[in-house]
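One-letter residues, chain by chain:
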Amino acid sequence: DIFEQAGHFKQGGDTLNLYSPDDTKLPKTTRVTHNLGFDPMAGFNLYAMEWDEKAIRKFVNNKLVAEIPHSPSYPMFFFLSIYENPGWTGKADTSAESGYPKEFVIDYFRAYTRAP
């Protein structure tokens, strides 16, 4: 997960996650929780991920905010979603006072490969 905003996080809290349950060379889950220092829901932000053979690095608005010091050596995929998982994110507050319905808006998504 390059961006995960769980309901129980303090404002500005975010995680970088790597799930590799079938890879015997890597931990099943690696989670790096960090604070962005601002409310990511207040406007659009630029999220970027660099992935090489040694690490996965996360950038927000061109600033390095998290790093996982290992990386899988096989192809992976991008998954953009919004979900509720009461055990992890907490139960969603769907009351009118909370501002529901919510929107999940992505201005653009791009993926590049580094030239050899």
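All values reported here derive from a predicted model rather than from experimental measurement.

> I tried to follow the overall build of the protein on my own but got confused; where do I start?
Helix and strand counts for the protein stand at zero helices and five strands. Secondary structure of the protein in N-to-C order comes out as β-β-β-β-β. Looking at the protein as a whole, 26% of its 116 residues are labelled buried. Within the protein, contacts between residues at least 6 apart in sequence are counted, and of these 40% link residues at least 24 apart. If you sum the accessible surface of the protein, you get close to 8800 Å²; carbon and sulfur atoms cover 55% of it.

> Looking at this model, I keep getting lost on the packing of aromatic side chains. Mind explaining?
To describe a pair of aromatic rings, one takes the distance between the centres and the angle between the planes. Per the counting criterion, the structure on display carries zero aromatic pairs. Over the aromatic face of Y108 sits the side chain of R110, whose NZ or CZ is 4.4 Å from the ring centroid.

> Is there a simple way to explain the sheet that holds strand β4 (residues 56–60) in this structure?
Pairing between the strands of a sheet is mediated by backbone hydrogen bonds and can be parallel or antiparallel. As summarised here, the arrangement of the three strands in space is β3-β4-β5, forming an open sheet in which the pairing is antiparallel. The sheet terminates laterally at β3 (47–51) and β5 (63–68), the two strands that pair on one side only. On average, each strand axis in the sheet is inclined to that of its neighbour by 20 degrees, with strand direction left out of account. Examined bridge by bridge, β3 and β4 share five bridges and lie antiparallel to one another. If you follow W51 over to β4, its bridge partner there is I56.

> Teacher, can you tell me more about the nonpolar core here?
Note on soluble globular proteins: their nonpolar side chains tend to be buried together. Counting six residues, the largest nonpolar core consists of L16, L18, L26, I56, A66 and I68. Contributing elements (two or more residues each) for this core: β1 (13–19) and β5.

> What should I look at first to understand the pattern of salt bridges in this one?
Pairing between side chains of opposite charge can happen when the charged atoms of each approach one another. Inspection of the entire model under this criterion finds two salt bridges. Between R57 and D52 there is a salt bridge, and its shortest N-O distance comes to 3.1 Å. For D52, a relative accessible area of 19% gives the class buried. In this structure, E67 engages R57 in a salt bridge whose closest nitrogen and oxygen atoms are separated by 3.9 Å. Separated by ten residues along the polypeptide, E67 in strand β5 and R57 in strand β4 bring together distant segments of the chain. What makes E67 partly exposed here is its relative accessible area of 37%.

Criteria and cut-off values
Residues numbered from 1 in each chain as written. Predicted model: local features only at pLDDT ≥ 70, side-chain atom pairs only at ≥ 80, totals over all residues. Heavy atoms only, no water. Helix = DSSP H or I, 4+ residues; strand = E, 2+ residues; numbered from the N terminus. Buried < 20%, exposed > 50% of the residue type's maximum accessible area, 1.4 Å probe, protein only. Contact = heavy atoms within 4.5 Å. Areas by Shrake-Rupley, 256 points an atom, 1.4 Å probe, with all protein chains shown as cover. Phe/Tyr/Trp six-rings, centres within 6.5 Å; stacked < 30°, edge-to-face > 60°. Lys NZ or Arg CZ within 6 Å of the ring centre and 35° of its normal. Pairing = 2+ DSSP bridges. Axes fitted to C-alpha atoms, helices over the stretch in contact; angles between N-to-C directions. Core = buried A, V, L, I, M, F, W, Y, C linked by side-chain atoms within 4.5 Å. Salt bridge = Lys/Arg side-chain N within 4 Å of Asp/Glu carboxyl O.

Everything listed is a geometric property; what it means functionally is a separate question.
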